[in-house]
Structure formats: structure tokens, C-alpha cells
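Understanding the architecture of this molecule
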Amino acid sequence: MISDVDISISQNKNTPVPFELHGFTNFVMENRSQVFVFGADIAGKAVAQLLKKNGLEINCFIDNNDNKCSMEIDGKHVHHSSKLSEIDKNSVVLIASTYIADIISQLESYGLQNWAPISFLVDHYNQVDFRALINGDLQKNHAGGEFTKDFIGFTIDNMVNSQKKYLDENLLFIRSVDLVLTEKCSLKCKDCANLMQYYQNPVNIEKQELLNDLADLMTVADEVNEIRIIGGEPLMNKDFHDISVTAASYKNIKKVVIYTNGTICPPDQKLEQLKNEKVFIFITTYGELSRNSEKLRLKLEEFEIQHNCQPAYGWTECGGIGVWGRSPQQNKKIFDNCCAKHFTTMTDGKLFRCPFSANVERLMAIPQANSDFVSVRNARNNPHKKELIKKKLRWFLREKPFLSACDSCNGRTYGDPEITPGIQSKNPIEYTLFERHE
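Only a predicted model underlies this, so the values are computations on that prediction, with no experimental measurement involved.

About the thresholds
Residues numbered from 1 in each chain as written. Predicted model: local features only at pLDDT ≥ 70, side-chain atom pairs only at ≥ 80, totals over all residues. Heavy atoms only, no water. Helix = DSSP H or I, 4+ residues; strand = E, 2+ residues; numbered from the N terminus. Expected span 1.5 Å × (residues − 1). Buried < 20%, exposed > 50% of the residue type's maximum accessible area, 1.4 Å probe, protein only. Pairing = 2+ DSSP bridges. Contact = heavy atoms within 4.5 Å. Axes fitted to C-alpha atoms, helices over the stretch in contact; angles between N-to-C directions. 1 Å grid on protein atoms, 1.4 Å probe; cavity = no way out; pocket = protein on both sides within 12 Å on 5 of 7 lines; lining within 4 Å. Points joined across faces, edges and corners; volume = space filled by probe spheres on them. Nonpolar A, V, L, I, M, F, W, Y, C, P; charged D, E, K, R; others polar. Right-handed = clockwise from strand over helix to strand, strands pointing away. Disulfide = S-S within 2.5 Å.

Regarding helix α2 (residues 42–53)
Residues three or four positions apart in an α-helix share a direction because the helix packs 3.6 residues into each turn. With twelve residues, α2 ought to run about 16 Å at 1.5 Å a step, and its terminal C-alpha atoms sit 17 Å apart, in line with that. Burial analysis of α2 places ten of its twelve residues in the buried class, the great majority of the element. The complete set of buried residues in α2 reads Ile42, Ala43, Gly44, Lys45, Ala46, Val47, Ala48, Gln49, Leu50 and Leu51. In the segment just after α2, Gly55 is the residue with positive phi, at about 80°.

Regarding the sheet that holds strand β3 (residues 72–73)
What the six strands build is an open sheet, ordered β3-β4-β2-β1-β5-β6; its pairing is mixed. Pairing within the sheet leaves two strands with one partner each, and these edge strands are β3 and β6 (115–117). In this sheet, strand β5 (residues 92–95) lies alongside strand β1 (residues 35–38) in parallel orientation, the contact comprising four bridges. Across the sheet, the residue bridging to Val35 is Val92, located in β5. Sitting on the sheet, helix α3 (residues 100–109) is in contact with β1, β5 and β6, with an inclination near 160° to β5.

Focus: the sheet that holds strand β14 (residues 373–375)
With mixed pairing, the eight strands of this open sheet are ordered in space as β11-β10-β9-β8-β7-β12-β13-β14. Because the sheet does not close on itself, it has two edges, and the strands there are β11 (306–311) and β14. With direction set aside, neighbouring strand axes in the sheet form an average angle of 25°. With two bridges connecting them, strand β7 (residues 173–180) and strand β12 (residues 345–347) associate as parallel partners. Opposite Leu179, over in β12, you have Met346 as the bridge partner. Contacts between helix α7 (residues 207–220) and the sheet are confined to β7, β8 (223–230), β9 (253–260), β12 and β13 (350–352), with β7 contributing the most and set at about 170° to the helix. Packed onto the sheet, helix α8 (residues 240–248) meets β7, β8, β9 and β10 (279–285) and runs at close to 160° relative to β9.

Focus: empty space enclosed by the protein
Counting across every chain of the model gives five cavities of 30 Å³ or more. The wall of the largest cavity is formed by 17 residues, among which Cys338, Cys354, Phe356, Cys406 and Cys409 lie closest to the centre. Tallying contributions element by element places helix α12 (residues 355–362) first for the lining of the largest cavity, with three residues. Tallied by class, the residues present in the lining of the largest cavity amount to 13 nonpolar, two polar and two charged. Those elements that place two or more of their residues in the lining of the second largest cavity are β7 and α13 (383–398). For the lining of the second largest cavity, the element with the most residues is α13, which contributes four residues. Of the residues contributing to the lining of the second largest cavity, the split by class is six nonpolar, two polar and five charged.

Observations concerning the pairing of β9
Of all eight residues making up β9, six are buried, and the element is well covered by its neighbours. In the sheet, β8 pairs with β9 via five bridges, with the strands oriented parallel. When the sheet's bridge partners are listed, Ile227 is paired in β9 with Val256. For the crossover that starts at β8, traverses α8 and ends in the parallel β9, the hand is right-handed. Looking at chain direction, β9 and β10 are connected through five bridges and run parallel. Residue pairing in the sheet places Tyr259 in a bridge with Phe282 of β10.

Examining the state of the cysteines
This model, assessed by the stated rule, comprises zero disulfides. The cysteine Cys265 is free of any disulfide, with Cys309 supplying the nearest cysteine sulfur at 12 Å. Taking relative accessible area as the criterion, Cys265 reaches 17% and is therefore assigned buried. With no disulfide of its own, Cys338 has Cys339 as its nearest cysteine by sulfur position, at a separation of 5.4 Å.

Structure follows, in C-alpha cells:
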């Protein structure tokens, strides 16, 4: 069972599909529509199972990630989104993605107007035990790893909330914010997408600076669905637990997720403080390198802290820094197809669209590009500044066409060939340093 979400979703003027189960079913039956699910992951699987309960079979799954398209889910094919052009325009597409605005735009560009979010279906079946519904092979990701039972409910709850809030144009809703606690990492992965392999003299960010920046952010944002506590390895910052607990205390923060590589198991007194319905710990393992992952997992079970533990997967060659000299049109294409463009990241009181952009700025690895971020510093002390920042962020987070940093990125597109994660670099990787001016 997932938690109730405190906002109902209203019918959207752009689609004729009713956002309630009885009306949806009648629409499908009366129009003899085929039903597709866009999103071949936990939430998409759950929706297909819920429709079965209502006597409806989906045609197949659709996904932007080509790496998921060589499998079947419960006997249904997963097709790449390039197949959208072949779908009958009378079809109905259920969107099982947190980034619903992007998918709506993608569907409508193919003339597919009969779309609907999955949130109304999950709401209708809100007493269902999703952890029991997603079992057996349904628990496996496309790389063969399994999600733990905690992660199933966590994922569906996040998606329902995100879909509802994204479709409310009156809210400054941010799906997730990566809060960078440290440049230090207990590993030195040469292909790290967050560019930790480039830091020559990594430092921890001071606790008070982080708390002040968080206060400014939450003054501006109406809601953040998920604060992601990251680094580097966030457990290398001795104050990670205090920062996480403080983040969880904000009413307009729904979840706090700590991402760790399983190399460190903190003291019991720190872990005990993380027993909070908002806090979730995600352990990504790298074989023998994650030497304390099992110890940490057992401790989290002992303290009844929500968590997921699984091997790393889905890495692509996006950890390099270059200067490609692309045209604006080419960089826009890189940005449009980026799977990380909504991984909002905060560091130095600035919000960036992605961790790559945030870290090339921290590293000063690209020419100065002040348009690549929005500063929220001191927003809580200046009501006029707060409103200006809020207006700027609405455009920056939803409409900005591309970043200057895109021209230094290899690209991070759904379906890029996957590489072996966690290969270590003996020394920090050298790069070109650019000057900064006030």
C-alpha cells in the first residue's frame, strides 16, 4: 500500500481521456482503443497488473531506453519509443513516468492525443499491496537485478505525487534536488557521471552552508518531491545524518534519499536518527569494492529504515569533459535527448539542471556560464528576491532549451550502450581549468 497523496488530479483539457477508472474503461471500450503503457519499469508493471484486475489487457510497453527493449514483461513486448509513429491515433497511452510533461510533448508530437497519467489508477487501487503485486520476475530490472520490497512502494508513491504536481501549473514543483554534501568519495570511478574522478583536493561542504542553502531553496519551492543526499560519497561528510534529518523536517519536502556506495557503515547513533518515514537509503554496490554494503544493509533492517540494495547498472560513457564546438541546434538535441536534464542539483547555493553542469562549474572546467544556474542564496531574507527567483526557476526548470555545459558533455541519452560500472582510476583525471570573474 502506498501513502495517500494530498492533491487530486483534474481532467486535462489537452486529452479527451477521463482521469478516473470507470470513465477511462468506458472510453477504451467505446472507442475500441488499444492501450499502451509508456514506461517499462516498476510503475508501468504495476499499472499493467491493475488493468488486468479491471479486465483490460495492454498491447505492449513503450520506453525511451533502448536497453529495456530486448525483453518482455509478463508476456508483453517492450518497444522503443521510435515505434510511436506506427501506433494507431485512436490508441490510449498511459504515462508511467515522473517526467510526465516531457512524455506528453513526445506523444503529442506523434499526434497521439489520447494520453493519461497513471496516478488516477493508483489512487483508485490505493489499498493494493504493491509489494505483493510486483513479485517474481516483475521485481527484476532490465539488467537482471532485483529491487527490494521497500523500493516498490517508494517508487510508485513518488511517481503519483510527481505526476499530480507536475500537471499543476500554479506550483513551483521540483521532482528531485541533488544536495551535494561532499566532493570526497571512497571510490574513484573513472566513468563517474558526477565527475568525482576530476577532483584533485576534494572537500566536504560545511554543515551550516548546506542548511542555509536548503532553507533558501525551500522558501522558493512550493514542494520538492525528493531531496537526494549525494556526493561523492555523502557518508564521508560527518554531518550527513543531521543534514538528512533537517531536510526531512520540512513539510514541503516529501522524501529524503541518501545514496551510498556501500563502502561505509556509519555508527549506530547516526543511523538510528534516520528512522523516519520520509528517509530512504539507496545502496548501490560495486562488488568487493562495496566492502560494508551487507553490514550496512543489516543495520538498516535492524533499525527498520527503508532501503534498497542492488548492484550498479545503467552506466554509460558520460563521465568525460570536452569542448565539442557544437552548434546551438546540436546542443539542443543533446539536451532534448538527455536522461539527466531533470536531475536538478544544488551546490554553492545554486540550482543546476543536472549533476554534470553543477560539477563542471565547481571544477571550473568550462568557460564561465552564469545562465547555467539560478542562485537561491538569501531568498528567505528577501521577499522581493524570492518572487523573482521563483519566476526565473519556473522557466529554467521547464523551458530552458539547453545549457552551455552541454557542449562539454558526451551526452547522456536513454538507450546509450551500457558500460562496466565502477572501474577505478588510480589518480585524479587532469582537465583544463578556466578562470572565473565576479
